[in-house]
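Residue-level structural notes
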Amino acid sequence: MDEYLELSSSGTLPISRYHQVTLVVLRHESIIALNKYTVATSKKGSVYDAALQNCISAARCIISTLHKALGGQNINITGAQEALETCGLLWPSFTWAVWMSAFIMIYAAKEGQVPQNVATR
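Here's what I pulled together on the structure shown here. (Residues numbered from 1 in each chain as written. Predicted model: local features only at pLDDT ≥ 70, side-chain atom pairs only at ≥ 80, totals over all residues. Heavy atoms only, no water.)

Structural notes on helix α3 (residues 46-69)
Since the α-helix packs 3.6 residues into each turn, any two residues three or four apart lie on the same face. Between the first and last C-alpha of α3 there are 34 Å, a value that for 24 residues agrees with the 34 Å anticipated at 1.5 Å per step. Close packing links the buried residues of α3 with α2 (17-41) and α5 (92-110). In the stretch just after α3, Gly71 is the one whose phi turns positive, near 100°. (Helix = DSSP H or I, 4+ residues; strand = E, 2+ residues; numbered from the N terminus. Expected span 1.5 Å × (residues − 1). Contact = heavy atoms within 4.5 Å.)

What follows is the structure, given as structure tokens:
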């Protein structure tokens, strides 16, 4: 997938902004899905820490990717309409990805893996 996105950025294979965002979010959502079982069932140790760090990294990427896709700022009604036209983020999987990412960041702050102010930002 990375190769496809890199090729599309050079202009050889055009891909819409919405599809780029979707592919990036799905990639990181898959990373969370692969690691969340280990986080939920492992005793604390190196395997647990590695899985949690993978989840934290993926969660941060999901949040920042979707934030950038919306323009990275609080927008008014007119701005919201423009953002939806350029990159409609109403796909239900985006809602789930943001919820799961926020949950992971709060859990990581509780476990002392990230500073609390980073998790609540």
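What to know about the nonpolar core
Formed by 22 residues in total, the largest nonpolar core has its most connected members in Ile32, Ile56 and Ile104. When contributions to this core are tallied by element, the ones reaching two or more residues are α2, α3 and α5. Broken down by element, this core gets its largest block of residues, ten residues, from α3. In contact with Ile32, not counting residues within four places along its chain, are Cys55, Ala58, Ala59, Ile62, Met100, Ser101 and Ile104. (Core = buried A, V, L, I, M, F, W, Y, C linked by side-chain atoms within 4.5 Å. Buried < 20%, exposed > 50% of the residue type's maximum accessible area, 1.4 Å probe, protein only.)

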